[in-house]
Amino acid sequence: MAILPILHYPDARLKTVAKPVTRVDAGIRALVTDMAETMYAAPGIGLAATQVDVHQQVVVIDLSETHDQLLILINPRILARDGLSVQEEGCLSVPGIYEKVERAATVRAEYLDLEGKAQSLEAEGLLAVCIQHEIDHLQGKVFVERLSRLKQMRIRDKIAKKANDKDQA
Ligand code: NI
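Residues numbered from 1 in each chain as written. Predicted model: local features only at pLDDT ≥ 70, side-chain atom pairs only at ≥ 80, totals over all residues. Heavy atoms only, no water.

Undergrad: A description of the nonpolar core should follow, citing residues and the corresponding values.
TA: Within the largest apolar cluster, 16 residues are counted, with the highest numbers of intra-cluster contacts made by V59, I61, L71, L73, L121, A123 and I131. Those elements that provide at least two residues to this core are β2 (58–61), β3 (71–82), β6 (106–112), β7 (118–124) and α2 (125–138). No other element matches α2, which puts 5 residues into this core. Residues contacting L121, with those up to four places away along its chain left out, are L71, L73, V107, R108, A109, Y111 and I131. Core analysis: the next-biggest nonpolar cluster, separate from the first, contains 14 residues, V21, M39, A49 and V52 among them. (Core = buried A, V, L, I, M, F, W, Y, C linked by side-chain atoms within 4.5 Å. Buried < 20%, exposed > 50% of the residue type's maximum accessible area, 1.4 Å probe, protein only. Helix = DSSP H or I, 4+ residues; strand = E, 2+ residues; numbered from the N terminus. Contact = heavy atoms within 4.5 Å.)

Laid out in structure tokens, this is it:
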């Protein structure tokens, strides 16, 4: 097991579109283990492989406080979305930034589990938001890119300033 380094926005590698997993093998299972450890250590509630610079369609999510409800989504696809939800989001790749994002309120998704078996689920609330946020990562999109251009500029300025302050400290 290993904690993997997380890419930070606006790293260009976060724009990479992930490829579907062709076989759920030992390599994918090891990746999932490392991603879960990385997410729990951060701590965060979701992590896409893109964020650890692995460009395969793998997502881990755990909304529990006890860290024992790990949901693993391999090759996730949203089949249906309904309603509108506006919730504040954050991201391990954009530390310290929280903004309201418009998403579907409910989603139906299909994916492969760790045994490579096809599964589906319906989600609402935070889980629905989280699934949409993580699938965005696999498509090379960070949540701030769903905000207005002005907000994106402000966020980039804030991140640049923070990096600058750190260099001078
Ligand atoms: Ni994220």
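Undergrad: If you had to explain the side chain of N75 to someone new, which residues and values would you point to?
TA: Its location among the elements puts N75 in strand β3. Look at N75 and you get buried, because its relative accessible area is 13%. A distance of 2.7 Å separates a polar atom in the side chain of N75 from the backbone nitrogen of V21. Not counting residues up to four positions away in its chain, the partners in contact with N75 are P20, V21, Q57, E110, Y111 and L112. (Polar contact = N/O pair within 3.5 Å; in protein donor to acceptor, adjacent residues only side chain to side chain.)

Undergrad: Kindly report on the coordination of the nickel ion, identifying the contributing residues and their values.
TA: Every protein donor of the nickel ion is listed here as C91 (SG), H133 (NE2) and H137 (NE2), and their distances to the metal cover 2.1 to 2.2 Å. Of note, the nickel ion draws all its donor residues from one chain, in the sequence arrangement C-x41-H-x3-H. Of this pair, C91 sits in the loop between β4 (85–89) and β5 (99–103) while H133 sits in helix α2; the two residues are 42 residues apart in sequence, bridging distant segments of the chain. For the pair shown, C91 and H133 are each scored as buried. (Donors = N, O, S within 2.8 Å, 3.2 Å for Na, K, Ca; no water.)

Undergrad: Outline the pairing of β7, supporting the account with residue identities and numerical values.
TA: For β6 and β7, the ladder comprises 7 bridges, and the chain directions are antiparallel. Looking at β7, one finds that Y111 is bridged to Q119. Hairpin connection, β6 to β7: the antiparallel pair is bridged by 5 residues, and G116 has positive phi, about 80°. (Pairing = 2+ DSSP bridges.)

Undergrad: Account for unusual backbone geometry, with residues named and values stated.
TA: Put simply, Y9 and P10 share a cis peptide bond, and its omega is 5°. Look at the link from A42 to P43: it is a cis peptide, with omega at -10°. One non-glycine residue with positive phi stands out, namely D53, at about 65°. Tracing the backbone shows D53 in the loop between β1 (46–48) and β2. By relative accessible area, D53 is classed as partly exposed at 32%. In the Ramachandran plot, H67 falls in the positive-phi region, its phi being about 55° despite a non-glycine side chain. With respect to the helices and strands, the residue H67 is situated in the loop between β2 and β3.

Undergrad: Can you tell me about the pattern of salt bridges, naming the residues and giving the values?
TA: Applying the stated criterion across every chain, the model contains 8 salt bridges. Among the ionic pairs, K151 bridges to E99, the shortest N-O distance being 3.7 Å. Taken as a pair, K151 in helix α3 (residues 149–168) and E99 in strand β5 lie far apart in primary sequence, 52 residues in all. Overall, the relative accessible area of 36% leaves K151 in the partly exposed class. D165 serves as the salt-bridge partner of K161, at 3.4 Å between the closest nitrogen and oxygen. Remark: D165 and K161 occur in helix α3; sequence separation between them is 4 residues, near one turn of the helix. Each of E89, R103, D136 and R146 takes part in a single network of salt bridges with overlapping partners. (Salt bridge = Lys/Arg side-chain N within 4 Å of Asp/Glu carboxyl O.)

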